[in-house]
Amino acid sequence: DLILPVGKIRMPSMEFSKNTAVLTTSKEFGAEVRRLRRLGGMTQRDLATAAGVGERFIVELEGGKPRCELEKSLRVMKMLAKGVTIVPRAGSAL
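Basis of the calculations
- Residues numbered from 1 in each chain as written.
- Predicted model: local features only at pLDDT ≥ 70, side-chain atom pairs only at ≥ 80, totals over all residues.
- Heavy atoms only, no water.
- Helix = DSSP H or I, 4+ residues; strand = E, 2+ residues; numbered from the N terminus.
- Contact = heavy atoms within 4.5 Å.
- Salt bridge = Lys/Arg side-chain N within 4 Å of Asp/Glu carboxyl O.
- Buried < 20%, exposed > 50% of the residue type's maximum accessible area, 1.4 Å probe, protein only.
- Axes fitted to C-alpha atoms, helices over the stretch in contact; angles between N-to-C directions.
- Parallel < 35°, antiparallel > 145°, perpendicular 65-115°, else oblique.
- Left-handed = near helix turned anticlockwise from the far one by under 90°.
- Nonpolar A, V, L, I, M, F, W, Y, C, P; charged D, E, K, R; others polar.
- pLDDT = per-residue confidence, 0-100.
- 1 Å grid on protein atoms, 1.4 Å probe; cavity = no way out; pocket = protein on both sides within 12 Å on 5 of 7 lines; lining within 4 Å.
- Points joined across faces, edges and corners; volume = space filled by probe spheres on them.

Peer 1: Can you help me understand the overall build of the protein in this one?
Peer 2: Check the secondary structure of the protein and you find 4 helices and 3 strands. Written out in order from the N terminus, the α and β elements of the protein read β-β-α-α-α-α-β. Here the analysis covers contacts within the protein between residues at least 6 apart in sequence; of these, 56% occur between residues at least 24 apart.

Peer 1: Sorry if this is basic, but what is going on with the pattern of salt bridges here?
Peer 2: It is possible for side chains of opposite charge to pair when their charged atoms get near one another. According to the stated counting rule, one finds 7 salt bridges in the structure shown. With a shortest N-O distance of 3.5 Å, Glu-69 and Lys-72 are connected by a salt bridge. We classify Glu-69 as partly exposed; its relative accessible area is 46%. On the basis of relative accessibility, which here comes to 23%, the residue Lys-72 falls in the partly exposed class. Overlapping salt bridges bring together Arg-34, Arg-37 and Glu-62 as one network.

Peer 1: I would appreciate a short explanation of the packing of helix α2 (residues 44-51) against helix α3 (residues 55-62) in the present structure.
Peer 2: Helix-helix packing is characterised by the crossing angle of the two axes and by the distance between the axes. The interhelical angle for the contact between α2 and α3, taken along N-to-C directions, is 110 degrees, at an axis separation of 8 Å. Overall, the two elements α2 and α3 adopt an arrangement that is roughly perpendicular. Note on packing geometry: the crossing formed by α2 with α3 is right-handed. Contact with α2, carried on its side by Gln-44, Arg-45, Leu-47 and Ala-48, involves Glu-55, Ile-58, Val-59 and Glu-62 of α3 and no other residues of that element. A per-class count over the contact of α2 with α3 returns 4 nonpolar, 1 polar and 3 charged.

Peer 1: How do you make sense of the environment of Gly-63 when you look at a structure like this?
Peer 2: Tracing the chain through its elements places Gly-63 in the loop between α3 and α4 (70-79). Taking the C-alpha atoms as reference points, Gly-63 and Phe-29, 34 residues apart in sequence, are found 9.1 Å from one another. In this structure Gly-63 touches Lys-27 and Arg-34, once residues within four positions along its chain are discounted.

Peer 1: How should I be thinking about the confidence of the model for the protein in this particular structure?
Peer 2: Parts of the prediction with low pLDDT should not have their coordinates interpreted in detail. Chain-level statistics for the protein give a pLDDT mean of 80 and a share of 73% at 70 or above. Across the protein, α3 holds the top mean pLDDT of 97, while strand β1 (residues 2-5) sits lowest at 50. Below pLDDT 50 for its whole length, residues 5-13 participates in 20 contacts with residues either more than four positions away or in separate chains.

Peer 1: I'm lost on the layout of surface pockets in this one. Help?
Peer 2: Its boundaries defined by the atoms lining it, the largest pocket holds a volume of some 260 Å³. As for the largest pocket, its lining consists of 14 residues, of which Ser-26, Phe-29, Cys-68, Leu-70 and Ser-73 are closest to the centre. Elements with a minimum of two residues in the lining of the largest pocket: α1 (26-39) and α4. Among the elements that make up the lining of the largest pocket, the one with the highest residue count is α4 (3 residues). Across the lining of the largest pocket, the residue classes break down as 9 nonpolar, 4 polar and 1 charged.

Printed below as a string of structure tokens:
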């Protein structure tokens, strides 16, 4: 799974599996998409087709474009067999 922290989180108090990536920026998210795509032996075109998005979207997502559409980004992660978990920041009321 991918863990997307909301604000700052206390990492030592949280337990993650070795298959978990903690991402805090669009650049990190894009780099993880690229890593997973390559690990799966897919081209950007392959992933775009599988996720139902344009190849340009994959290029921009992997490049860390900060304003990529969330719904499309989640579809891409689903095609890469990854879930996304939102973690509240340390000290939040959640």
